[in-house]
Amino acid sequence: MWNNSHPRYTALLITSKTHNDTVYYTFLIPKMSDEEYCNLMLT
């Protein structure tokens, strides 16, 4: 699980806070690795 020392953590928080719609994530998920997807879901 990414913590605040991971280089992509801050960007992930911003994305999670600014996009609250399923459609946005539906297009992103196929481009993500398993690790990225899991961290997104945990955020």
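All figures in this text were calculated on a predicted structure; none of them were measured in a lab.

(A) Representation of the overall build of the chain. On a plain count of helices and strands, the chain comes out with three helices and zero strands. Moving toward the C terminus, one meets the helices and strands of the chain in the order α-α-α. The principal-axis extents of the C-alpha atoms in the chain amount to approximately 30 × 20 × 15 Å. Per-residue burial for the chain yields a buried fraction of 14% across its 43 residues. Total accessible area on the chain is roughly 3500 Å²; 58% of this is exposed by carbon and sulfur atoms.

(B) A look at the environment of Arg-8. On the secondary structure map, Arg-8 appears in the segment before helix H1 (9–18). Distance from Arg-8 to Glu-36, taken between C-alpha atoms, is 9.5 Å for residues 28 residues apart in sequence. In contact with Arg-8, not counting residues within four places along its chain, are Trp-2 and Glu-36.

(C) Structural context of the pattern of salt bridges. Considering all chains together, one arrives at one salt bridge under this definition. One salt bridge connects Glu-36 with Arg-8, and the closest N-O pair in it is separated by 2.3 Å. With Glu-36 in helix H3 (residues 34–42) and Arg-8 in the segment before H1, this residue pair connects regions lying 28 residues apart in the sequence. When its relative accessible area of 42% is taken as the criterion, Arg-8 is described as partly exposed.

(D) View of a nonpolar patch on the surface. Judged by side-chain polarity, Ile-29, Tyr-37 and Met-41 come together as a nonpolar surface patch covering roughly 250 Å² of accessible area. Within the element layout of this structure, Ile-29 appears in the loop between helix H2 (22–28) and H3.

(E) Inspection of the side chain of Glu-36 at higher detail. For Glu-36, a relative accessible area of 17% gives the class buried. At 2.7 Å, the side chain of Glu-36 forms a polar contact with the backbone nitrogen of Ser-33. The residues contacting Glu-36, other than those within four sequence positions of it, are Trp-2, Arg-8 and Lys-31.

Rules used in this analysis
- Residues numbered from 1 in each chain as written.
- Predicted model: local features only at pLDDT ≥ 70, side-chain atom pairs only at ≥ 80, totals over all residues.
- Heavy atoms only, no water.
- Helix = DSSP H or I, 4+ residues; strand = E, 2+ residues; numbered from the N terminus.
- Buried < 20%, exposed > 50% of the residue type's maximum accessible area, 1.4 Å probe, protein only.
- Areas by Shrake-Rupley, 256 points an atom, 1.4 Å probe, with all protein chains shown as cover.
- Contact = heavy atoms within 4.5 Å.
- Salt bridge = Lys/Arg side-chain N within 4 Å of Asp/Glu carboxyl O.
- Patch = residues over 30% accessible without salt bridge, like charges linked within 9 Å, V, L, I, M, F, W, Y side chains within 5 Å.
- Polar contact = N/O pair within 3.5 Å; in protein donor to acceptor, adjacent residues only side chain to side chain.

Nothing here speaks to function; it is all geometry.
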